[in-house]
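Structural description and commentary
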Amino acid sequence: VAYSFDSSLVATASDDCTARLWNTDTYACLYTLQHDDFVWAVAFSKLNRSVVASCSYDCTCKIWNISNGECLKTLEDSGATVYTIAWSPSNNTQLASGADDYKVRIW
């Protein structure tokens, strides 16, 4: 679970192969973001406030547009399940991921 920079959205990760974006005022699900397997984590960028990232058992990280739910980019992680992600606090395009191959990747 992660809050957006202004607390207007919450992103959730789920074992139903989705991440979801929720409006915190109305509790409505705004977008369902699809992966091919369990979604382990979500993270909002503090510098690029238009995106959220998710990572999955499907060995990918995905970057999503929070305005329309569109997948902007899929990052393939060498066949390793990706368990965690974090945006750089000083570079709005840099995402770090940790996977079950014991590697950290900087994208």
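Residues numbered from 1 in each chain as written. Predicted model: local features only at pLDDT ≥ 70, side-chain atom pairs only at ≥ 80, totals over all residues. Heavy atoms only, no water.

**Details of the overall build of the protein**
Just so we agree on the cut-off: Numbering of helices and strands runs from the N terminus, with a helix taken as a DSSP run of H or I at least four residues long and a strand as a DSSP run of E at least two residues long. We compute the radius of gyration from the C-alpha atoms alone; for a globule the expected value is 2.2 Å times N to the 0.38, where N is the number of residues. Working definition: with a 1.4 Å probe on protein chains only, accessible area under 20% of the residue-type maximum means buried, over 50% means exposed, and in between means partly exposed. By definition in these notes, contact holds between two residues if any of their heavy atoms fall within 4.5 Å. Here the accessible surface of atoms and residues is derived via Shrake-Rupley with a 1.4 Å probe, and residues count as covered only by protein chains that are part of the display. The charged-residue count follows a simple rule in which Lys and Arg add positive charge and Asp and Glu add negative charge, with His and chain termini not counted at all. Charge positions come from single atoms, namely NZ of Lys, CZ of Arg, CG of Asp or CD of Glu.
A count of helical and extended segments in the protein gives 0 helices and 11 strands. Sequence-ordered secondary structure for the protein, helices as α and strands as β, is β-β-β-β-β-β-β-β-β-β-β. Relative to the globule expectation of 13 Å for 107 residues, the C-alpha radius of gyration of the protein, 13 Å, shows essentially globular dimensions. With the C-alpha coordinates aligned to their principal axes, the bounding extent of the protein is approximately 40 × 35 × 20 Å. Counting only residues that meet the buried cut, the protein has 43% of its 107 residues in that class. When contacts within the protein are restricted to residue pairs at least 6 apart in sequence, those whose partners lie at least 24 apart make up 30%. Put simply, the protein shows about 5800 Å² of open surface, and 50% of that area lies on carbon and sulfur atoms. Averaging the coordinates of the 7 positive side-chain charges in the protein and doing the same for the 12 negative ones gives two points 8 Å apart.

**Side note on the layout of surface pockets**
Note the cut-off: Cavities and pockets are found on a 1 Å grid laid over the protein atoms alone: a cavity is a set of points where a 1.4 Å probe fits but cannot escape, a pocket is an open set with protein on both sides within 12 Å along at least five of seven lines, and a lining residue has an atom within 4 Å of such a point. Grid points are joined across faces, edges and corners, and a volume is the space filled by probe spheres set on the points.
Considering only enclosed or pocket space, the largest pocket measures out at about 150 Å³ in volume. Lining of the largest pocket is provided by 13 residues; of these, Y3, A43, F44, S45 and K46 occupy positions nearest its centre. Counting residues per element, the ones that place at least two in the lining of the largest pocket are β1 (2-3), β5 (39-44) and β9 (82-87). The greatest single-element share of the lining of the largest pocket, amounting to 3 residues, is contributed by β5.

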